[in-house]
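Structure at a glance
Listed below are the residues making up each chain.
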Amino acid sequence: MSTMTTVRKLKNYIGGKWVESHTTQYEDVYNPATKELICQVPLSTREDVEYAAEVAQAAYEKWKKVAVPRRARILFNYQQLLTKHKDELARLITIENGKSLSEASGEVQRGIENVEFAAGTPSLMMGDSLASIATDVEAANYRYPIGVVGGIAPFNFPMMVPCWMFPMAISLGNSFILKPSERTPLLTEKLAELFTEAGLPDGVFNIVYGAHDVVNGVLEHPEIKAISFVGSKPVGEYVYKKGSENLKRVQALTGAKNHTIVLNDANLEDTITNVVSAAFGSAGERCMACAVVTVEEGIADEFIAKLKEKTLGVKMGNGLDDGVFLGPVIREENKQRTLSYIEKGIEEGAKLLTDGRERMSDDGYFIGPTIFEEVTPEMTIWKDEIFAPVLSVIRVKNLKEAIEIANKSEFANGACLFSGNAHAIRYFRENIDAGMLGINLGVPAPMAFFPFSGWKASFYGTLHANGKDSVDFYTRKKVVTARYTEPKFE
Ligand code: NAD
């Protein structure tokens, strides 16, 4: 917490205006690559949430009546503006999150794709009908928005994750209150400004910055009808339970421990490029990061040797610099947490293949890419989501054993298989516990028109983010059954 006044203090965005929070508490926001203080974020209060909810509710009453194609047109304008500002948005992500500029550009692109999908509301929102369900009786199903929706986002995708939520919710006729991560609040300012510039009426999209108090305010406010949460498992569980207890719809996308299986027939060069990118890209701070590789015995020695070589060649540094692949983790506490996992791994008997501690730098929160061999499912480094550039390698006899290991995890977000064998691919698809599978690719994050569909402790709820699930999540239905007996025309 800081009381410095020289740094810009962010304001909430409510009713189309930048509004000062009622709080006296601000948290410092750092560039994780330089430790430079870039702004201060208000830890907003319940009063701020109350005000945002009141404004969002009033805006919803008008917005829900705006014709669907007109709403879609604003989304088209927004898509154009986001595309025009793509480089600026990517730079903001790199500055506040630390990931490389090319990763940040990829993230911006994924966010824009969500806006493109949301612009398709006229067809997505259509209901269905049956002209004759009994003599002279017909039935039709119409979709309506649900009201004010609250979104709670993590730090690791400041643009993409909020874009899983608000463009779709808004395009479907709801109003929205976003609580970005207090560690990466900057980019969302731009998201709000550009949406207003695209023609969105004031009060439909609002931002309340902060932490626990805002989350609790959102979870308890009676006018907020649905919550989209993305973040860690303990917080997601809390949000899901508390939101449900308060009779809200909740979708909570949570943690992960993604396994990649490499079979003897895999293309080694491609597989290693994919694994290194999936394990260490965005400093391993991805819910679809590769955390464990299980490799078949026949290819294991060669795979491990080449994996080590490729990993040692990874360029670390400030994500704004050319050619940098691996940036810092988000904060000093994340770095310290990672170091304690490395110590724990050694203590529990895993063998270090590359030691990220040798490449640490104090210019920012840097820790080098770390690989453990001889990991077992009993070890803490196998069980816990470390969320840092730390990869575990396990040798297996065959695909069956690899799947048995992966399925022991409490998480089941993504899983990948590297093989050209059609039978193995089908066996993997049918037997692995995970909602998002990659075949011969490393990060199988589905595009906007498919659901982001984690299983087990990686997701709480019924309807996932994105795709048709998001249409169902952000709408409710009215089924009209009508009898027409008069007049007779024959
Ligand atoms: P986090 O759970 O710490 O924070 C997420 C949000 O919850 C933030 O807005 C934060 O302010 C709020 N929050 C944190 N602690 C809280 C508390 N005690 N009470 C109320 N609110 C609280 O997560 P993070 O560190 O920002 O993000 C990393 C996590 O997000 C990882 O576990 C990662 O796997 C997960 N994630 C999951 C997906 C997915 O699709 N499943 C996508 C991205 C990130």
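All of these numbers come straight from a predicted model, not from anything done at the bench.

Concerning the pairing of strand β18 (residues 414-418)
The element β18 is extensively covered by neighbouring structure, given that five of its five residues are classed as buried. By the alternation rule, side chains of β18 split into Gly414, Cys416 and Phe418 and Ala415 and Leu417, which are all buried. As paired elements, strand β12 (residues 258-262) and β18 share four bridges and run parallel to each other. Paired with His259 across the two strands is Ala415, which belongs to β18. Bridging between β18 and strand β19 (residues 436-439) involves four bridges; their strand directions are parallel. By the bridge assignment, Leu417 is partnered in β19 with Ile439. In this view, the connection linking β18 to its parallel neighbour β19 by way of helix α15 (residues 422-431) has right-handed handedness.

Digging into the UniProt feature "binding site: NAD(+)" (unreviewed entry) in the chain
Feature annotation in UniProt places "binding site: NAD(+)" (unreviewed entry) on Ala153, Phe155, Lys179, Glu182, Arg183, Thr254 and Glu385, given in this structure's numbering. In terms of the greatest pairwise C-alpha distance, the residues named above, spread along 233 residues, do not form a single cluster, extending to 23.5 Å across. Assignment of secondary structure puts Ala153 in the loop between β7 (148-152) and α6 (160-171). Excluding residues within four positions of it along the chain, Ala153 makes contact with Val161, Pro162, Leu178, Lys179, Pro180, Ser181 and Val230. If you trace the backbone, Glu385 turns up in the loop between α13 (380-383) and β16 (390-396). Discounting residues that sit within four places of it in the chain, Glu385 has contacts with Gly255, Ala256, Lys257 and Phe411.

Points about the sheet that holds β18
Within a sheet, each strand pairs with its neighbour through backbone hydrogen bonds, oriented either parallel or antiparallel. Ordered in space as β14-β15-β16-β13-β12-β18-β19, the seven strands form an open sheet in which the pairing is mixed. Looking along the sheet, the strands with just one partner apiece sit at the ends: β14 (351-354) and β19. Averaged over all neighbouring strand pairs, the angle between strand axes comes to 25°, with direction disregarded.

Describing the environment of Ala278
Looking at the secondary structure, you find Ala278 in helix α10 (residues 268-280). Taking the C-beta count within 10 Å as the criterion, Ala278 has 26 such neighbours and is therefore assigned buried. Taking the C-alpha atoms as reference, Ala278 lies 5.2 Å from Cys290; in sequence the two are 12 residues apart. If sequence neighbours within four positions are ignored, Ala278 has contacts with Thr260, Ala289, Cys290, Gly442 and Val443.

Calculation notes
- Residues numbered from 1 in each chain as written.
- Predicted model: local features only at pLDDT ≥ 70, side-chain atom pairs only at ≥ 80, totals over all residues.
- Buried ≥ 20, exposed ≤ 12 C-beta atoms within 10 Å, placed from the backbone.
- Helix = DSSP H or I, 4+ residues; strand = E, 2+ residues; numbered from the N terminus.
- Pairing = 2+ DSSP bridges.
- Right-handed = clockwise from strand over helix to strand, strands pointing away.
- UniProt positions renumbered as here; feature names shortened; annotations may be inferred.
- Contact = placed C-beta atoms within 7 Å.
- Axes fitted to C-alpha atoms, helices over the stretch in contact; angles between N-to-C directions.

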